[in-house]
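The primary structure of each chain is shown beneath.
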Amino acid sequence: MSEYTLINKCPISNTTDKITYFDLGKMPLVNNLCDTEYDSLNCKRYSLKLNYFQFSGLSALSHSVNGDLLFSKYLFKSEINTPYISHSKQMLEYIEHIVELNTGDLIVDIGGNDGTLLSTFKTNTDKSLNYLNIDPSQNLAKLSIDKEIPVLTDFFSIETAKAMAQKVKVIVSTNVFQHLKDINSFVEGICTLLDEDGIWVLEFPYWAHDLETKQFDQIYHEHVYYYMVTSLSKMMDKHELDIIRITPQKIHGGTLRLVMAKKTSNHISDGLVQQYINIESKYDIEYYKNWGDSITTHLNKCKGIISDIKKSGKSIVVFGAAAKGCIFLNSLNLTYKDIDYIIDDTDIKQGKYMPGTGLEIVSRDSVNLDDIDYMIILPHNFSEYIIESFKDTYKGRFVTFLPTIEVI
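Basis of the calculations
- Residues numbered from 1 in each chain as written.
- Predicted model: local features only at pLDDT ≥ 70, side-chain atom pairs only at ≥ 80, totals over all residues.
- Heavy atoms only, no water.
- Core = buried A, V, L, I, M, F, W, Y, C linked by side-chain atoms within 4.5 Å.
- Buried < 20%, exposed > 50% of the residue type's maximum accessible area, 1.4 Å probe, protein only.
- Helix = DSSP H or I, 4+ residues; strand = E, 2+ residues; numbered from the N terminus.
- Contact = heavy atoms within 4.5 Å.
- 1 Å grid on protein atoms, 1.4 Å probe; cavity = no way out; pocket = protein on both sides within 12 Å on 5 of 7 lines; lining within 4 Å.
- Points joined across faces, edges and corners; volume = space filled by probe spheres on them.
- Nonpolar A, V, L, I, M, F, W, Y, C, P; charged D, E, K, R; others polar.
- Salt bridge = Lys/Arg side-chain N within 4 Å of Asp/Glu carboxyl O.

A word on the nonpolar core
Residues F177, W200, W207, F216 and W291 are the most contacted members of the largest nonpolar core, which totals 92 residues. If one sorts the elements of this core by residue count, helix α11 (residues 285-311) sits on top with eight residues. In contact with W207, other than residues within four places in its own chain, are Y21, L50, S59, Q215, Q218, I219, Y226, Y227, M228, Y288 and W291. Core analysis: the second largest hydrophobic core is formed by 38 residues, V99, V172, V259 and I343 among them.

Here we look at the layout of surface pockets
Of the voids in this model, the second largest pocket is the one considered here, and its volume is about 550 Å³. Taken together, 23 residues line the second largest pocket, and the ones lying closest to its centre are H380, N381, F382, S383 and E384. Those elements giving two or more residues to the lining of the second largest pocket turn out to be α3 (82-96) and α13 (383-389). Residue contributions to the lining of the second largest pocket peak at four residues, all from α13. Residues of the lining of the second largest pocket, tallied by class, amount to eight nonpolar, twelve polar and three charged.

Regarding the pattern of salt bridges
All told, the structure shown has eleven salt bridges when counted by the stated rule. For E203, the salt bridge identified is with R257, shortest N-O distance 2.7 Å. Placement of E203 in strand β10 (residues 194-205) and of R257 in strand β13 (residues 255-262) is noted, with a sequence separation of 54 residues between them. The residue D242 makes a salt bridge to K263 at a minimum N-O spacing of 2.7 Å.

Pasting the structure below:
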């Protein structure tokens, strides 16, 4: 079996007309951390190229790596992310303004990682609800069960939904939809599970926001598709779903929250879909080609700043062995020769090496922070939280390169 498949046809419009507007060459799989420096420097790489399907407005990778290579041993844990826990609490309040939750209602989180979102829901309501986490990562299943959140270890699809043979009041999928290749099967599964007046709460990195803020580091093999409201509106129509709410979120550097319901339900739309479609009309072929050129210019500036710091004899480390950080480092061809090491608070990442770089991942407690002159924050979407966490222990300077270059 091939390790990847080519995406030659748009899953929304079924057309094959496309243009390539951004190409990072061959990149490693960002979350497949390595056991040794040698393995890191010699890890397998796959083409990372972005195409645009004009008829639907959808952007997509040219190569889709098989999910078993990407997600079977996932090393990101939601539970360490304090802003995400606050976000989850706010989401429950948001949901309760749209649907009435009653005793026995089932809430399903698709791609629920270690069960943090549903655990937060459970902690913040006095109602006796049922919960189910559906996630393919076998190594995270125990963490979900430890939180008393049942887990179905599988990739969600129409077949999964049919096997469950029940109706669900609320389905949540946060930061997972862009990971899917077969989005039609996923949405068909949603429709099969969803109660007549139930809702599907979908959160995803909003591609228009990422384009405007130059967040090219959202492009990696796990993110197969890059969504606008325009393309998602066409997708939902195809499956007899209405987008009834659109709400921007700050989490993950620019997320959009959509709420969907069946067209036959009693839910009323907030009427924002057409406004978003009008705004997104500017993202045409010319825009995308110019965007790719602007990223190349930005990366050259970043490389120059790091080179100048090294030439001055100062020490540089990075914080956060995040997926987007892996893309950033590899895009600039940065290795252990340029950066000393990576600090990360996720225990299951510590002692491993960032793919393609030879950089070891260590805990903040294992290093002398006084020896560090510059700390580059790779998960720039959480930079304020990260800087605050170091306020009593680190006296050097912080650097962020996206969405703008800042030395603090």
